[in-house]
Amino acid sequence: MSTHLRHLITLQNMDASTIQHLLNRAESLREACAHGTRRIELLRGRTVLNLFFEPSTRTRTSFELAARRLGADVVNFDIAGSSTSKGETLLDTLHTLEAMHLDALIVRHRESGTPEFLVHHAASAVCVVNAGDGNHAHPTQGLLDALTIRQHRPNFNLLTVTICGDVLHSRVARSDVHALQALGARAIRLCGPRALLPDPSEFPGCTLHEDFDDAVEGSDVIIMLRLQKERMIATLLPDEAAYFERYGLTQERLRRSASGALVLHPGPINRGIEIASEVADGTQSRILEQVANGVFVRMAVLAELLAR
Amino acid sequence: MSTHLRHLITLQNMDASTIQHLLNRAESLREACAHGTRRIELLRGRTVLNLFFEPSTRTRTSFELAARRLGADVVNFDIAGSSTSKGETLLDTLHTLEAMHLDALIVRHRESGTPEFLVHHAASAVCVVNAGDGNHAHPTQGLLDALTIRQHRPNFNLLTVTICGDVLHSRVARSDVHALQALGARAIRLCGPRALLPDPSEFPGCTLHEDFDDAVEGSDVIIMLRLQKERMIATLLPDEAAYFERYGLTQERLRRSASGALVLHPGPINRGIEIASEVADGTQSRILEQVANGVFVRMAVLAELLAR
Amino acid sequence: MSTHLRHLITLQNMDASTIQHLLNRAESLREACAHGTRRIELLRGRTVLNLFFEPSTRTRTSFELAARRLGADVVNFDIAGSSTSKGETLLDTLHTLEAMHLDALIVRHRESGTPEFLVHHAASAVCVVNAGDGNHAHPTQGLLDALTIRQHRPNFNLLTVTICGDVLHSRVARSDVHALQALGARAIRLCGPRALLPDPSEFPGCTLHEDFDDAVEGSDVIIMLRLQKERMIATLLPDEAAYFERYGLTQERLRRSASGALVLHPGPINRGIEIASEVADGTQSRILEQVANGVFVRMAVLAELLAR
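Here the structure is a predicted model, which means the values were calculated and not measured.

S.K.: Sorry if this is basic, but what is going on with the relation of the copies chain B and chain C here?
M.R.: Both copies of the chain are related by a screw-like operation: a rotation about an axis and a shift along it. Of the two same-sequence chains, chain B is brought onto chain C (RMSD 0.0 Å, axial shift 0.0 Å) by a rotation of 120°. One copy is carried onto the other by what is essentially a three-fold rotation axis.

Here it is, written out as structure tokens:
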């Protein structure tokens, strides 16, 4: 492994070998778990703290399971009842937690840049793992999506990938693009209503599409993004039916893609808004594989950061 | 053991030998714990998830302690902050959790039938344990009540049991009746205000009583149910004092029962509403024994489902 | 050790040898942890329950980490979702939890005397640890403050200590005074606005001060208390700026103290209200050492109570 990974903040500028190494480690852990190795004691005695400023039971649980399956202790720091709600600054919270001798801090925050801010101000050897910050990055999601794709399509340089939905505000889209570009994906198409498409300069090498039928044409992988209901107005597609009509992944649209194209979604899915139930539950859906891979990818990241 | 227990949804139609087997296992675990076996590693490496859609700290804690004392990892899935509150369907939640490789799902839900629904749609080998669903069933409560009674009165066929309160809406009453009938209780009397008594056809072999003094007469076991304050109006007993007057278990009423009759209550108790403090705290009260047995019964159930 | 410690409710009347013994044990644990002993299995199989009626994520997390690092299982009993909010009495909650065979109960409650009440009514061998009750006591805070001071100034009989802020309502101040007096501190000055100073008869041997400049003069240790915003009105100092002007610890005021005086604060700090940022983050601040010592002191207390 070329890069010395101390924290995981973003996949931007991460090289292919580092990503492949993490994915390989996730695969090894998956196999170890499948062969009855019920619990790996790699992180025994280590303490991992979930610091979620935005609620996300799914992601928090995935990290919690990952850490526990490596033998670590996990503490959930409940922000709602904490002194941060009494006005303590983020840095005071950081330094207080560090003083308690934590090995890793899993951070989710609505403001982009928060995990990096914590890294810059950390006074100890604590490892920071970004579990999603604003529109910026969600690196473990990017890795688990890459792992899921690799399990079916190991040659990234043959792949056309379409990411559809609210790309503009999506940290998932950003981390996916970073992973896919590093791994050499042939083409990445970003698709959505004009108001939800990013500035093209942010995504060199990607193409932007307002017409989902065009974008899906010949795609090998289609990553659907969750539509936040509050974004609906901005799209000029005033209701869910109208959005689904233009940007929902239906069985019919899926037929335009390459044969056996993979369907991904970070979850939780909005059935009938961004994806048809028959597609979400269909044979091409990899959504539950993504969830399973999420635990293994997070185990790999924690093992990499804490057990080197 | 005749029946192969894969899930625990209800005690209805469970045969006596299965119930006795579970109670025996609970007793063995109780003895193991009493003799200083501080932690049994039977479920080491297994993951149990508490999925409580209705809050119940007591029952959740009892399951959590049971699972931990068998060496399992326990994750509390906080529904309030979860994507189910963002509109994810119950099945999507189920399949997402299954994809994370859980061994058991402890489910509480306000709608009857939810645990069975999960069993029918589970895609993995996950075991579902019903921790209370609507008015339908609360099987571990039925088992712990049976265990508590058996510790004092092992011959069920000699017993007259009175269950008093809001029988109509009580999953505890239903699971108690199922357990008691399977174990051969001689007589079961269901007592409460008319509006809170069930249709007699639902409880063949039980007698219905509006007069608590009559019902308690000669009873060997009296199970008091918790009165939900919101049911008060339906009873035509418009206030707590009036309810207590007619359906509260007082020392005076208790004297009508068989000598040394056992007093049970699933908790938390409403003192002065369904039970007098002197009875709740009296020598015939088995309420705290029920709590203690609850942990052992839940250990037995988890061991039975997960460590066969 | 002279006194047989069964519970930890208050430091009042605790003798110096008991306190020194606990501080020594905390130091030993600190060294064990520093030398790579990642986890001490002293309390393996024991169950510790956090029973916090007042929210405090920091203190709860500190206790949780302490218990886990000794190998105990920790259960967080969430009062908000519990039957205590359905009207169950405190004693019923106590006895229910005891029936589940807990080894220790960590209690925080807004009413003074609650932990002692629980001790008097406990039916089992459960150990009660006071994590803060009303204005009464916060003994682990007193111990961790004493430990922090001792690490820098082991001769308490040479020390002048000033405690500044809302002394009247502060359980921290009370436990600090009890520890410091037992350990032989030469002088203790209590300082704050008149409305927030206690009756002098409650603190024999301490002096009361309204003028912070006078109080800080020559002090070796300055313990700043957190100002609850709701107390502001009572102080006749109607806003934060006015409070800070008279009772905030600034670099300028700090210069009046003895050379190298230690600055302590129980946290979370209100920057610019009771303490200037440059002091909180300055070289004389021991605030983060207090947090670190908090975990070791709580480990020592749990070890002392549960592993004797």
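S.K.: Would you take a moment to explain the side chain of Gln290 of chain A for this structure?
M.R.: Mapped onto the secondary structure, Gln290 of chain A falls in helix 11 (residues 287–306). In this structure Gln290 of chain A comes out as buried when scored by relative accessible area, which is 3%.

S.K.: Where do I start with the interface of chain B and chain A in this structure?
M.R.: Quite often, the size of an interface is put as the accessible area lost when its parts meet. Taken residue by residue, the interface counts 24 residues in chain B and 23 residues in chain A. Roughly 2200 Å² of surface becomes buried between chain B and chain A when both sides are summed, with 51% attributable to carbon and sulfur atoms. For Arg271 of chain A, the salt bridge goes to Asp92 of chain B, with nearest N and O atoms at 2.7 Å. The tally of links from chain B across to chain A stands at seven residue pairs in polar contact (both at pLDDT 80 or more). Of all elements in the fold, only strand 1 (47–52), strand 2 (73–77) and helix 3 (90–99) of chain B reach the threshold of two or more residues within the side of chain B that touches chain A. Counting residues per element, the side of chain B that touches chain A draws most heavily on strand 2 of chain B, which supplies five residues.

S.K.: Explain the packing of aromatic side chains to me, please; I cannot follow it from the model alone.
M.R.: We describe a pair of aromatic rings using the distance from one ring centre to the other and the angle between the two ring planes. Residue and element names in this part refer to chain A. Scanning the model with the defined rule gives three aromatic pairs over all chains in all. Judged by centre distance (5.6 Å) and plane angle (40°), the rings of Tyr243 and Tyr247 are tilted. Taken together, the positions of Tyr243 and Tyr247, both in helix 8 (residues 240–247) and four residues apart, correspond to about one turn of that helix. The class of Tyr243 is buried, set by a relative accessible area of 0%. Looking at Arg298, its charged tip hangs above the ring of Phe63, at a distance of 4.8 Å from the centre.

S.K.: Any chance you could explain the packing of helix 5 (residues 139–152) of chain B against helix 11 (residues 287–306) of chain B here in plain terms?
M.R.: When two helices pack together, their arrangement is given by the angle between their axes and by how far apart the axes lie. All names here are of chain B. In the contact formed by helix 5 and helix 11, the axes pass within 8 Å of each other and the chain directions differ by 120°. The chirality of how helix 5 crosses helix 11 is right-handed. Along its contact with helix 5, which presents Thr140, Gln141, Leu143, Leu144, Asp145, Leu147, Thr148, Gln151 and His152, the element helix 11 presents Glu289, Gln290, Asn293, Gly294, Val297, Arg298 and Val301. A class-by-class count of the residues in the contact of helix 5 with helix 11 yields five nonpolar, eight polar and three charged.

S.K.: Help me understand the interface of chain B and chain C, please; the structure alone is not making it clear to me.
M.R.: The interface of chain B with chain C comprises 23 residues on the first partner and 24 residues on the second. Of the roughly 2200 Å² buried at the junction of chain B and chain C (both faces included), carbon and sulfur atoms supply 51%. Where chain B meets chain C, there are three salt bridges. Across the pair Arg68 of chain B and Asp73 of chain C runs a salt bridge, and its minimum N-O distance is 3.8 Å. Put simply, chain B and chain C have eight residue pairs in polar contact (both at pLDDT 80 or more) between them. Mapped onto the side of chain B that touches chain C, the elements with two or more residues apiece are helix 2 (57–69) and helix 11 of chain B. Per element, the largest residue contribution to the side of chain B that touches chain C is nine residues, and it comes from helix 2 of chain B. A breakdown of the residues in the side of chain B that touches chain C according to their chemical character gives nine nonpolar, four polar and 10 charged.

S.K.: Help me understand the environment of Val177 of chain A in this model?
M.R.: Residue and element names in this part refer to chain A. The topology assignment puts Val177 in helix 6 (residues 171–182). Judged by its relative accessible area of 1%, Val177 falls in the buried class. For the pair Val177 and Phe63, spaced 114 residues apart in sequence, the C-alpha to C-alpha distance is 22 Å. Those residues in contact with Val177 that sit more than four places away from it in its chain are Ile163, Ile188, Leu190, Phe203 and Cys206.

Rules used throughout
Residues numbered from 1 in each chain as written. Chains lettered and ligands numbered in written order. Predicted model: local features only at pLDDT ≥ 70, side-chain atom pairs only at ≥ 80, totals over all residues. Heavy atoms only, no water. Least-squares fit on C-alpha atoms with pLDDT ≥ 70 in both. Helix = DSSP H or I, 4+ residues; strand = E, 2+ residues; numbered from the N terminus. Buried < 20%, exposed > 50% of the residue type's maximum accessible area, 1.4 Å probe, protein only. Contact = heavy atoms within 4.5 Å. Buried area = accessible area lost by both parts, 1.4 Å probe. Salt bridge = Lys/Arg side-chain N within 4 Å of Asp/Glu carboxyl O. Polar contact = N/O pair within 3.5 Å; in protein donor to acceptor, adjacent residues only side chain to side chain. Phe/Tyr/Trp six-rings, centres within 6.5 Å; stacked < 30°, edge-to-face > 60°. Lys NZ or Arg CZ within 6 Å of the ring centre and 35° of its normal. Axes fitted to C-alpha atoms, helices over the stretch in contact; angles between N-to-C directions. Left-handed = near helix turned anticlockwise from the far one by under 90°. Nonpolar A, V, L, I, M, F, W, Y, C, P; charged D, E, K, R; others polar.

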